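# Inside the fold
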Amino acid sequence: SRDALQLLHFPRMRGPRPSAAPRRCRRRHAFTLAGTADVSGVGLHSGRFVRVRLGPGFPGGGVTFVRTDLPGTRVRASPADVSGTELSTELGGGGGGGGVRTVEHLLAALCGAGVSSCTVALDAQELPILDGSSAPWLKLIRAAGFAPT
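So, a few notes on the structure that sits alongside this text. (Residues numbered from 1 in each chain as written. Predicted model: local features only at pLDDT ≥ 70, side-chain atom pairs only at ≥ 80, totals over all residues. Heavy atoms only, no water.)

Moving on: the pattern of salt bridges. In this structure the tally under the stated criterion is three salt bridges. Note that arginine 51 and aspartate 123 form a salt bridge whose closest N and O atoms lie 2.9 Å from each other. Taken as a pair, arginine 51 in strand β3 (residues 49-56) and aspartate 123 in the loop between β9 (115-122) and α3 (135-144) lie far apart in primary sequence, 72 residues in all. (Salt bridge = Lys/Arg side-chain N within 4 Å of Asp/Glu carboxyl O. Helix = DSSP H or I, 4+ residues; strand = E, 2+ residues; numbered from the N terminus.)

Structure, rendered in structure tokens:
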């Protein structure tokens, strides 16, 4: 039966059954970074070496990616700016090469840390994969420190 199948795959949960609909994060994000933090590595899909600097953002500015290899190229992290999702999430660019790829782990770390405003400067199209998780990004965010926006 269906109940028996669920018992085989999922441990018994105590307390009320969670709703099937996802809940929005109720935590109010009101922080930026107090300083800067640098990291470098290789992009997973491009294989290119990239240097990244996380820094303070502007109040209400959200997360903004600045391509230092393409002067004047700024990409905001917003659902409206998603231009591709094949193998990774690409923001901006629209096929013109001015976008930023593989942003998922960094954005997850920023959101989890409560950072709503940040500037991310990078000198290539793709963020480095680091260890493949959000943990190294979170370590960098903590190293930069937090400041209210």
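Moving on: the side chain of serine 88. Relative to the helices and strands, serine 88 resides in the loop between β6 (82-84) and β7 (90-91). Serine 88 sits in the buried class, given a relative accessible area of 3%. A polar contact of 3.2 Å, which involves the side chain of serine 88, links it to the side chain of arginine 101. The residues touching serine 88, leaving out its near neighbours within four places in the chain, are His45, Arg101, Thr102 and Glu104. (Buried < 20%, exposed > 50% of the residue type's maximum accessible area, 1.4 Å probe, protein only. Polar contact = N/O pair within 3.5 Å; in protein donor to acceptor, adjacent residues only side chain to side chain. Contact = heavy atoms within 4.5 Å.)

Regarding α3, the residues found buried are Trp137, Leu140, Ile141 and Ala144. For α3, the angular spread of the buried residues around the axis is 100°, confining them to a single face. In this structure, α3 carries Lys139, Arg142 and Ala143 as exposed residues pointing more than 90 degrees from its buried face. Taken together, the buried residues of α3 touch β1 (31-33), β2 (37-42), β3, α2 (104-113), β9 and β10 (146-148). Directly after α3, the chain includes glycine 145, whose backbone phi takes a positive value near 85°. (Arc of directions from axis to C-beta.)

It is worth spelling out the pairing of β3 at this point. Along any regular strand, the residues point their side chains to alternate faces of the sheet. In the sheet, β2 pairs with β3 via six bridges, with the strands oriented antiparallel. Among the inter-strand pairings, valine 42 is bridged to a residue of β3, identified as phenylalanine 49. A loop of six residues connects β2 with β3, the two strands running antiparallel in sequence, and glycine 47 in this loop sits at a positive phi of about 75°. In this structure, β3 lies alongside β9, joined through five bridges in antiparallel fashion. (Pairing = 2+ DSSP bridges.)

Spatially, the three strands line up as an open sheet ordered β6-β7-β8, and their pairing is antiparallel. Single-partner strands in this sheet number two, and they are β6 and β8 (100-101). Across two bridges, β7 lies against β8 in antiparallel orientation. The residue of β8 that forms the bridge with glutamate 90 is arginine 101.

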